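Coordinate inspection notes
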Amino acid sequence: MDLLALADFNLVARHGGFGRAARASGRPKATLSRRVSELEASLGLRLFERGARDLKLTEEGRALHARTGALLTELDETVAAIASGGERPRGLLRISTPLLFGQAAMGRLAAAFVRDYPEVRLEVTVDDRAVDMIEEGYDLVIRVNPRTDESLVGRPFLRDRQVVVASPALARPDDGHAMPAVVRGPGDRSGSWMLATREGTQGLAIDPVLSLGSMAMVHDAVRAGAGVGCLPLSLVSRDIAAGLLVQWGERAGPETILWTLYPSRRLLSARVAAFLGLLKKTFPHGTPEELAAFIAAAERGADHCGY
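Computed from a predicted structure; not experimentally measured.

Focus: the packing of aromatic side chains
Applying the stated criterion across every chain, the model contains eight aromatic pairs. For the pair Phe-113 and Phe-275, a centre-to-centre distance of 5.4 Å together with 65° between the ring planes defines the contact as edge-to-face. One end of the pair, Phe-113, is in helix α5 (residues 99-116); the other, Phe-275, is in helix α9 (residues 270-282), with 162 residues separating them in the sequence. Accessibility expressed as a relative area gives 0% for Phe-113, which makes it buried. Through a chain of ring-to-ring contacts, three or more aromatic side chains come together here, namely Phe-101, Phe-157, Phe-283 and Phe-294. The side chain of Arg-108 reaches across the aromatic face of Phe-294, ending 4.3 Å from its centre.

What follows is the structure, encoded as structure tokens:
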């Protein structure tokens, strides 16, 4: 396969047209069109649907772009690093992170990262759904308790515990009656929560009176006295210490673990390795207390990144 033609194809696919690709690269539009046509002929595939006004990737074109674009970028970066005599991170780094971690920590982490590595352009999106890293072009994904995927390498970097908390004004029942509860989303509508307390495992009957779309909203509603809530310890530890919330126990169940994920078939790029290093430096032991301290520092308006 002609790597130069493949590079031209990815250039056109990335910019969404021959004209835009020509302007961005300074290369003649006719040359790009010819090179892509030669690639299509050599593969026996149509990679673009050419309309009167627009250009769209075919299904085969999307698959080829998803699987070769990042590899060619890494090849360019490797050659540039060798030529410059170093492995300085550079280029685009795309990260997907869960909503709560994104809101609580990623802003300050991102600021610290681009300050340390000014040649990297960092793009962070927030999403709780499972993403296709190759198809959607992510270099690194952060997820909570992800499913096993043999195509990905995973590293745990933070652990948290789910605790059941309530406003001090909300009395805990001793007669087994259901407590009003604030839950995240429609999925958590079980009739009871199992709590691990000093006395052992106990059941807490709940009546979900509020279903909210994020942990931050649940946190606010629980603090306002709307009901009990199950929240990460890192998010509520300061409230518990200040007497704004009372911990009723830990919710029994699997440990909450945040993982970093990246494709196993690719070499670990310098920019991904640098971001993993930042996470390790910021959360050296990966405990809920470290994340709580990081969040607290942000709330106090600290101008450092927790290290």
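Remarks on the side chain of Asp-8
Residue position: Asp-8 is located in helix α1 (residues 3-15). Assessed through its relative accessible area of 5%, Asp-8 is described here as buried. Among residues more than four places away in sequence, those in contact with Asp-8 are Arg-27, Leu-32, Arg-35 and Val-36.

Thoughts on the nonpolar core
The biggest cluster of nonpolar side chains holds 29 residues, and the ones touching the most others in it are Phe-101, Leu-109, Phe-157, Phe-275 and Phe-283. Where this core is concerned, the elements lending two or more residues are β3 (91-97), α5, β5 (140-144), β6 (152-160), β13 (256-263), α9 and α10 (288-299). Membership of the second largest hydrophobic core comes to 18 residues, among which are Leu-6, Ala-22, Leu-55 and Leu-57.

Details of the sheet that holds strand β9 (residues 192-197)
In spatial order, the strands read β7-β11-β8-β10-β9-β12; together these six strands close into a barrel with mixed pairing. Adjacent strand axes in the sheet meet at a mean angle of 50°, parallel and antiparallel pairs treated alike. As judged from the six bridges shared by β9 and strand β10 (residues 200-212), these two strands associate in the antiparallel manner. What sits directly across from Ser-192, in β10, is Ala-205.

Things to note about the packing of α5 against α10
Packed helix pairs are characterised by how far apart their axes lie and by the angle those axes make with each other. Close contact between α5 and α10 brings their axes to 10 Å; oriented N to C, the two are set at 70°. Relative to α10, the element α5 is oriented roughly perpendicular. When α5 is examined against α10, the residues Phe-101, Ala-104, Ala-105, Arg-108 and Leu-109 are found in contact with a partner set consisting of Leu-291, Phe-294, Ile-295, Ala-297 and Ala-298. Across the contact of α5 with α10, the residue classes break down as nine nonpolar, no polar and one charged.

Focus: the sheet that holds β6
Taken together, five strands build an open sheet; the order of strands is β4-β3-β5-β13-β6 and the sheet is mixed. Edge positions in the sheet fall to β4 (120-126) and β6, since each of these pairs with one other strand and no more. Between one strand axis and the next, the sheet turns by 20° as a mean value, whatever way the strands run. In the sheet, β3 pairs with β4 via seven bridges, with the strands oriented parallel. Its bridge partner being in β4, Ile-95 is matched across the sheet by Val-124.

Conventions and cut-offs
Residues numbered from 1 in each chain as written. Predicted model: local features only at pLDDT ≥ 70, side-chain atom pairs only at ≥ 80, totals over all residues. Heavy atoms only, no water. Phe/Tyr/Trp six-rings, centres within 6.5 Å; stacked < 30°, edge-to-face > 60°. Helix = DSSP H or I, 4+ residues; strand = E, 2+ residues; numbered from the N terminus. Buried < 20%, exposed > 50% of the residue type's maximum accessible area, 1.4 Å probe, protein only. Lys NZ or Arg CZ within 6 Å of the ring centre and 35° of its normal. Contact = heavy atoms within 4.5 Å. Core = buried A, V, L, I, M, F, W, Y, C linked by side-chain atoms within 4.5 Å. Pairing = 2+ DSSP bridges. Axes fitted to C-alpha atoms, helices over the stretch in contact; angles between N-to-C directions. Parallel < 35°, antiparallel > 145°, perpendicular 65-115°, else oblique. Nonpolar A, V, L, I, M, F, W, Y, C, P; charged D, E, K, R; others polar.

All quantities given are derived from atomic positions and should not be read as evidence of function.
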